[in-house]
Amino acid sequence: LLNQIIGNTLVGGYENWVEYFEPPTGDQKKGRFKGKSTGSGLYGGSWEVKGDLMCLQYDKPHMVQYNRCLTTVLDGDIVTWYETSGFAWYHRYRQIKLISGTPKNF
């Protein structure tokens, strides 16, 4: 499932944020992502697969509040992330949509 996200783009909210998950270069369970949001502009970070979880770590200090490991559920092109507590993470940000490739040219 996580292989469907890696190498592709997620768009959240009402296109309030976009993140492209770059394919790994060495370790197949680690990589980088690039993002852009209306509030933070351009940003980046790293992703790591730990078992069934996708862990995200943001580079910008003001975004570390979003660092977390999430269970990923894909229904068609709609992604739902769940925190380890079972809480659906996307509820504040509306739906998250999976888009093939990097249409935002990251």
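One structure accompanies this document, and this report is about it. Quick caveat, the model's predicted, so the values are computed rather than measured.

**Quick notes on the nonpolar core**
Now for step 1: Counting 20 residues, the largest nonpolar core has Leu10, Phe21, Trp47, Met54, Leu56 and Trp81 as the members making the most contacts within it.
Now for step 2: Put simply, the parts of the chain that give this core at least two residues each are helix 1 (2–5), strand 2 (17–21), strand 4 (41–50), strand 5 (53–58), strand 7 (78–83) and strand 8 (96–99).

**Quick look at the state of the cysteines**
Now for step 1: Counted under the stated rule, the structure contains one disulfide.
Now for step 2: Bridging Cys55 to Cys69, the disulfide has an S-S length of 2.0 Å. Residues Cys55 and Cys69 are joined by a disulfide whose S-S torsion is about 110°; by sign, that bridge is right-handed. One end of the pair, Cys55, is in strand 5; the other, Cys69, is in strand 6 (residues 68–75), and 14 residues separate them in sequence.
Now for step 3: Given the relative accessible area of 7%, Cys55 is considered buried.
Now for step 4: Judged by its relative accessible area of 25%, Cys69 is partly exposed.

**Some points on the pairing of strand 2**
Now for step 1: Counting buried residues along strand 2, five of its five residues qualify, which places the element largely inside the surrounding structure.
Now for step 2: Every second residue of strand 2 is oriented toward a common face, with Trp17, Glu19 and Phe21 on one face and Val18 and Tyr20 on the other, all of them buried.
Now for step 3: Direction of pairing for strand 1 (residues 9–12) relative to strand 2: antiparallel, over a ladder of four bridges. Looking at the pairing, Thr9 lines up with Tyr20 of strand 2.

Rules behind the numbers
Residues numbered from 1 in each chain as written. Predicted model: local features only at pLDDT ≥ 70, side-chain atom pairs only at ≥ 80, totals over all residues. Heavy atoms only, no water. Core = buried A, V, L, I, M, F, W, Y, C linked by side-chain atoms within 4.5 Å. Buried < 20%, exposed > 50% of the residue type's maximum accessible area, 1.4 Å probe, protein only. Helix = DSSP H or I, 4+ residues; strand = E, 2+ residues; numbered from the N terminus. Disulfide = S-S within 2.5 Å. Pairing = 2+ DSSP bridges.

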